[in-house]
Amino acid sequence: MSTPQPASTSSAARTAIIVVAAGQGTRLGAGAPKALVPLAGRPLLAHALDVAVDPALAATVVVVTPPGDDRLDATVAAAARPGVNVIGVQGGETRQASVAAGLAAVPEARRVLVHDAARSLTSTAQFERVAGALAAGAVAVVPGLAVVDTIKLVDRQGRVTSTPERSRLRAVQTPQGFDASLLRRAHASAAGGDVSDDAGLMEAAGAIVQVVEGEERAFKITHPRDLERAERLLAELRPGPDEVFDVEAPAAAPGGPRIGLGIDVHAFSEDEGTELWLAGLHWPGERGLSGHSDGDAVAHAACDALFSAAGIGDLGTHFGTSRPEYAGASGARLLGEACRLVREAGFEIENISVQFVGNRPKFSPRRAEADAALSAVAGAPVSVIATTSDGLGFEGEGAGISARAVALLRPAR
Ligand SMILES: Nc1ccn([C@@H]2O[C@H](COP(=O)(O)OP(=O)(O)OP(=O)(O)O)[C@@H](O)[C@H]2O)c(=O)n1
Ligand SMILES: C[C@](O)(CO)[C@H](O)COP(=O)(O)O
């Protein structure tokens, strides 16, 4: 993730990203909408949002989910982070209809990047290349890769009609970036159609579409072999033990269950403008917690409980200053990553339980929402409870919040 900058001071403030995730995944054949299918223990959509939800890229992210299906709602809620408004809307029968539904949710946006959740491992650099070309004046931008096969055009009987010159062919990916008003117009005039990408609509409307360099890792997860490829690629992209652990990980996860304890404390910020993020949720109108991160003490305590149970270090070991890609990452994202790391160390997560102590926010009305959001991130049950300290201590004085968490792991079967 790139270093966050305030969206209001950059073109990100006028940019919206639409992540289409409403497809059924028929070709993947997993028996569930594709965006819900797990990759390294988390929904495909969660991986795509790890990168797309970044205040340096866009102030608004619209996630388009399958119509009449609320199973991705918790993943959408958990993706929110400071400086980015994440909105969920329901999609349509076709990809084109889903993009149109996303566009309708961001009438104010000046630039739009449209991204497939199915291209789950696309990098921040690819988003930046597309956004950069838009900022430089292009009205439509697609990332593309040169093709290695010779491509034939065929008729309906499968007979070759021509052989396009290979050096001029590009296999295009997402995100695709557009001047928002031109894209709205192109969608309006093609309403009801089923064009497979938005650049196609812009071409039909006469716009010049600029190609920027694509990347292998942005491949679309379409068939089961693509999901296997994504699992392998994720394993390769992960830093090795020498890069991450300053403690030796257990050679294997021996014996029976293991518990771990984690504690975190954050003071309330003196800046009244700081927003509160706690238990993976945004709390509008509440004063925020201070810290280099979003200050989500609940999520941070849960991470430390997991690391402690697995015996693989702590929050600083994995997300400290030597890992700048986590600078400014939300507590929810860190929790998702912590879960992945303990699974990689050979454990299954039985459950995580957190209690925080603080006078505010008033937690009980949103407890179920927080449990659902964090459970979706963790891929395991997470329960959060809260208490006050009867006016005692820094929590009772209203100076800050403390959180304690326990995690129960067992060796993976
Ligand atoms: N009605 C649809 C169809 C597709 N998509 C999204 O468009 C992207 C690219 O589509 P594709 O890979 O074809 O996904 P599916 O339609 O789910 O796959 P299939 O065609 O195998 O059913 C995916 O992120 C998918 O979720 C969408 O939002 N709404
Ligand atoms: C937008 C796209 O990913 C660019 O390659 C592609 O066109 C999506 O097509 P699909 O038929 O929805 O998979």
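Residues numbered from 1 in each chain as written. Chains lettered and ligands numbered in written order. Predicted model: local features only at pLDDT ≥ 70, side-chain atom pairs only at ≥ 80, totals over all residues.

Cut-off, in case you're wondering: UniProt positions are given in the numbering used here, feature names are shortened, and annotations may be inferred rather than shown by experiment.
With an unreviewed UniProt entry as reference, the protein is termed Bifunctional enzyme IspD/IspF, source organism Galactobacter valiniphilus. The heading Cofactor (unreviewed entry) in the UniProt record of the protein holds the text "a divalent metal cation".

### A word on helix 4 (residues 124-135)
For the record, the criterion: Helical segments are the DSSP runs of H or I of at least four residues, strand segments are the runs of E of at least two, and each set is numbered from the N terminus. One less than the residue count of a helix, multiplied by 1.5 Å, gives the span that helix is expected to have. Whether two residues are in contact is decided by their C-beta atoms, placed from the backbone, lying within 7 Å.
Over its twelve residues, helix 4 extends 16 Å from the first C-alpha to the last, a length consistent with the 16 Å expected when each residue adds 1.5 Å. On its buried face, helix 4 sits against strand 1 (15-20), helix 1 (44-52), strand 6 (111-116), strand 7 (140-146), strand 11 (176-179) and strand 12 (210-213). Looking one or two residues past helix 4, G137 carries a phi angle of roughly 120°, positive in sign.

### Some remarks on the domain arrangement of the protein
One widely used convention gives an interface's size as the accessible area the parts lose upon coming together. Here is the rule: An automatic or database domain assignment is the source of the domain bounds shown. Ten residue types, Ala, Val, Leu, Ile, Met, Phe, Trp, Tyr, Cys and Pro, are classed as nonpolar, four, Asp, Glu, Lys and Arg, as charged, and the remainder, Gly among them, as polar.
According to the domain assignment, the protein contains domain 1 (7-237) and domain 2 (253-411). For domain 1 and domain 2, the distance between their C-alpha centres works out to 31 Å. Between domain 1 and domain 2, the contact holds 13 residues from the first and 19 residues from the second. Looking at the side of domain 1 that touches domain 2, the elements with two or more residues in it are helix 1 and helix 2 (73-78). It is helix 2 that provides the largest number of residues to the side of domain 1 that touches domain 2, a total of four residues. A per-class count over the side of domain 1 that touches domain 2 returns eight nonpolar, two polar and three charged.

### Considering the UniProt feature "site: Transition state stabilizer" (unreviewed entry) in the protein
The positions that UniProt labels "site: Transition state stabilizer" (unreviewed entry) are, in the present scheme, R27, K34, H292 and T388. Maximum C-alpha separation among the annotated residues is 51.2 Å over a sequence range of 362 residues, too wide for a single clustered spot. Considering the arrangement of structural elements, one finds R27 in the loop between strand 1 and strand 2 (38-39). Looking at the element boundaries, H292 is found in the loop between strand 15 (281-287) and helix 9 (297-310).

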